[in-house]
Amino acid sequence: MTLQAAQKPPADSGKTLYGGKGTRRITVHDIAAAKVRGEKWPMLTAYDAMTASVFDEAGIPVILVGDSMGNCHLGYETTVPVTMDEMTFLSAAVVRGTKRALVVGDLPFGSYQEGPVQALRNATRLVKDAGVGAIKLEGGERSLPQTELLVQAGIPVMSHLGLTPQSVNTMGYRVQGRSDEAAHRLLSDAKAAQDAGAFAVVLELVPAELAAEVTRSLHIPTIGIGAGAGTDAQVLVWTDMAGLTGGKVPRFTKQYANLRETLGDAARAFAEDVNGGAFPAEEHTFH
Ligand code: KIV
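These numbers come from a predicted model, not from an experiment.

### Remarks on the nonpolar core
Residues Phe-55, Ile-63, Leu-107, Leu-126, Ile-135 and Leu-150 are the most contacted members of the largest nonpolar core, which totals 35 residues. Residue assignment for this core shows that the elements contributing at least two residues are helix H2 (49-57), strand S2 (62-65), helix H4 (84-96), helix H5 (116-130), strand S4 (134-138) and helix H10 (238-241). Considering every element that reaches this core, the biggest residue donor is H4, with six residues. Residues in contact with Phe-55, not counting those within four places in the same chain, are Leu-44, Thr-45, Ala-46, Ile-60, Ile-63, Trp-238 and Met-241. In this structure, Leu-64, Leu-102, Val-202 and Ile-225 belong to the second largest nonpolar core, which totals 20 residues.

Below, the structure written as structure tokens:
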């Protein structure tokens, strides 16, 4: 769809996630109902209140405060250095900027790997201090005890499988699940996450056929990123989607705007006006 055609969400289309009219917060029950209806839905990341408010007003039903904030917002090279303090602070801003979207906070590297109790302590902080409606954590089998305890405690969990960027130092950045054995492991990880009570599973950088098979096998929704068209939902990192990220973006990203060029042009125009004395003009001046 072109940018012009997508400027407004569709008029009220009943109880849909995207285009639905309600102003109450989307919950994990709405997400489950969308899978039953066969509705495909969009998720975007956000790391601040103002950007989140734009996406909320555009009807994006789920906003992820991803640990991609590390490379996309905080200037780190990877997601690994992101701390609980940073995640809590920025998640709270995203919650304040939104009225309708389900806000999902990511548990950063080192905040849940020690075990379920550590995961519960940090997830509780995101729910109580930041106000998120759900949390996300990486890993299938290895994160099951964490998922089980959080769900028992009443915290909805989104699982993240395939490429898990917090493991970049062992995994690198490449397509996962290509061998039969890896594909089998991914499918069983996804089912185990579902059985442990996860309400959705992110599938990052996995072959489209495998992602479609996982999607058919689960009753909870799959959210793809670089996982083809067969998943229930799609997520993109907002700075990639809007063309703010500098340098090369992953092949699976579609750029819907060129904010880097737009902002750069605005900054240069302002600088030239100041430099040449054209700003401030009379209309910007008090007497
Ligand atoms: O941190 C993040 O933005 C993510 C998405 C890529 C799913 O985990």
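There is more to say, and it comes next.
### Quick look at a nonpolar patch on the surface
A contiguous nonpolar patch, built from Phe-270, Val-274 and Phe-279 and spanning about 280 Å² of accessible area, is present on the exposed surface. Along the chain, Val-274 falls in helix H11 (residues 259-276).

### Re the packing of H5 against helix H6 (residues 144-152)
Remark: H5 packs on H6, axes separated minimally by 8 Å, with the N-to-C direction vectors making an angle of 45°. Our classification of the angle between H5 and H6 gives oblique. Once H5 is placed against H6, the crossing between them reads as right-handed. Facing Pro-116, Val-117, Ala-119, Leu-120 and Ala-123 of H5, the residues of H6 in contact are Pro-145, Gln-146, Leu-149 and Leu-150. When its residues are assigned to classes, the contact of H5 with H6 shows eight nonpolar, one polar and no charged.

### Focus: the UniProt feature "binding site: 3-methyl-2-oxobutanoate" (unreviewed entry) in the chain
Within this structure's numbering, the places UniProt gives as "binding site: 3-methyl-2-oxobutanoate" (unreviewed entry) are Asp-67, Ser-68, Asp-106 and Lys-136. Taking the farthest pair of C-alpha atoms as the criterion, the annotated set spanning 70 residues converges on one region, since that pair is 12.4 Å apart. Its location among the elements puts Asp-67 in the loop between S2 and helix H3 (69-72). You can call Asp-67 buried: its relative accessible area is 5%.

### A word on the site of the ligand
All residues adjacent to the ligand are Thr-45, Leu-64, Gly-66, Asp-67, Ser-68, Asp-106, Lys-136, His-160, Val-202, Ile-225 and Val-237. At a separation of 3.0 Å, an oxygen atom of the ligand approaches a polar side-chain atom of Asp-67. A distance of 3.0 Å separates an oxygen atom of the ligand from a polar side-chain atom of Lys-136. The protein chains hide 96% of the 260 Å² of surface that the ligand would expose on its own. For the shell around the ligand, the per-class residue count stands at four nonpolar, four polar and three charged.

### Observations regarding the UniProt feature "active site" (unreviewed entry) in the chain
The feature "active site" (unreviewed entry), as annotated in UniProt, sits at Glu-204 in this numbering. Residue position: Glu-204 is located in strand S6 (residues 200-204). Setting aside chain neighbours within four positions, we find Glu-204 in contact with His-160, Leu-161, Gly-162, Leu-163, Pro-165 and Ile-225. One polar contact links Glu-204 to His-160, side chain to side chain, over a distance of 2.9 Å.

### Some thoughts on the side chain of Asp-67
Lys-136 provides the closest opposite charge to the buried, salt-bridge-free Asp-67, at an N-O distance of 5.1 Å. Leave out the neighbours within four places in its chain, and Asp-67 touches Thr-79, Val-82, Met-87, Asp-106, Pro-108, Glu-138 and Gln-166.

### Considering the sheet that holds strand S1 (residues 41-45)
Read around the closed barrel, eight strands run S1-S2-S3-S4-S5-S6-S7-S8, paired in parallel fashion. Shown here is a sheet whose adjacent strand axes are inclined to one another by a mean of 25°, direction ignored. With four bridges joining them, S2 and strand S3 (residues 102-106) adopt parallel strand pairing. Within S3, the residue paired with Ile-63 across the bridge is Val-103.

### Let's talk about the packing of aromatic side chains
Following the criterion strictly, the structure yields two aromatic pairs and no others. Centroid distance Phe-55 to Trp-238: 5.8 Å. Interplanar angle 65°. Geometry classified as edge-to-face. Within this pair, whereas Phe-55 is found in helix H2, its partner Trp-238 is found in helix H10, the two being separated by 183 residues in sequence. There is no split in this pair, since Phe-55 and Trp-238 are both buried. Here Phe-270 and Phe-279 contribute two aromatic rings whose centre-to-centre distance is 5.9 Å and whose plane-to-plane angle is 70°, an arrangement assigned as edge-to-face. In this structure Phe-279 comes out as partly exposed when scored by relative accessible area, which is 34%.

### Thoughts on the side chain of Ser-143
Tracing the backbone through its elements, the reader meets Ser-143 in the loop between S4 and H6. Filtering out sequence-adjacent residues up to four positions away, Ser-143 remains in contact with Tyr-112, Leu-137 and Glu-138.

Reading the values: rules and limits
- Residues numbered from 1 in each chain as written.
- Predicted model: local features only at pLDDT ≥ 70, side-chain atom pairs only at ≥ 80, totals over all residues.
- Heavy atoms only, no water.
- Core = buried A, V, L, I, M, F, W, Y, C linked by side-chain atoms within 4.5 Å.
- Buried < 20%, exposed > 50% of the residue type's maximum accessible area, 1.4 Å probe, protein only.
- Helix = DSSP H or I, 4+ residues; strand = E, 2+ residues; numbered from the N terminus.
- Contact = heavy atoms within 4.5 Å.
- Patch = residues over 30% accessible without salt bridge, like charges linked within 9 Å, V, L, I, M, F, W, Y side chains within 5 Å.
- Areas by Shrake-Rupley, 256 points an atom, 1.4 Å probe, with all protein chains shown as cover.
- Salt bridge = Lys/Arg side-chain N within 4 Å of Asp/Glu carboxyl O.
- Axes fitted to C-alpha atoms, helices over the stretch in contact; angles between N-to-C directions.
- Parallel < 35°, antiparallel > 145°, perpendicular 65-115°, else oblique.
- Left-handed = near helix turned anticlockwise from the far one by under 90°.
- Nonpolar A, V, L, I, M, F, W, Y, C, P; charged D, E, K, R; others polar.
- UniProt positions renumbered as here; feature names shortened; annotations may be inferred.
- Near = heavy atom within 4 Å.
- Polar contact = N/O pair within 3.5 Å; in protein donor to acceptor, adjacent residues only side chain to side chain.
- Lys, Arg positive; Asp, Glu negative; His and termini not counted.
- Pairing = 2+ DSSP bridges.
- Phe/Tyr/Trp six-rings, centres within 6.5 Å; stacked < 30°, edge-to-face > 60°.

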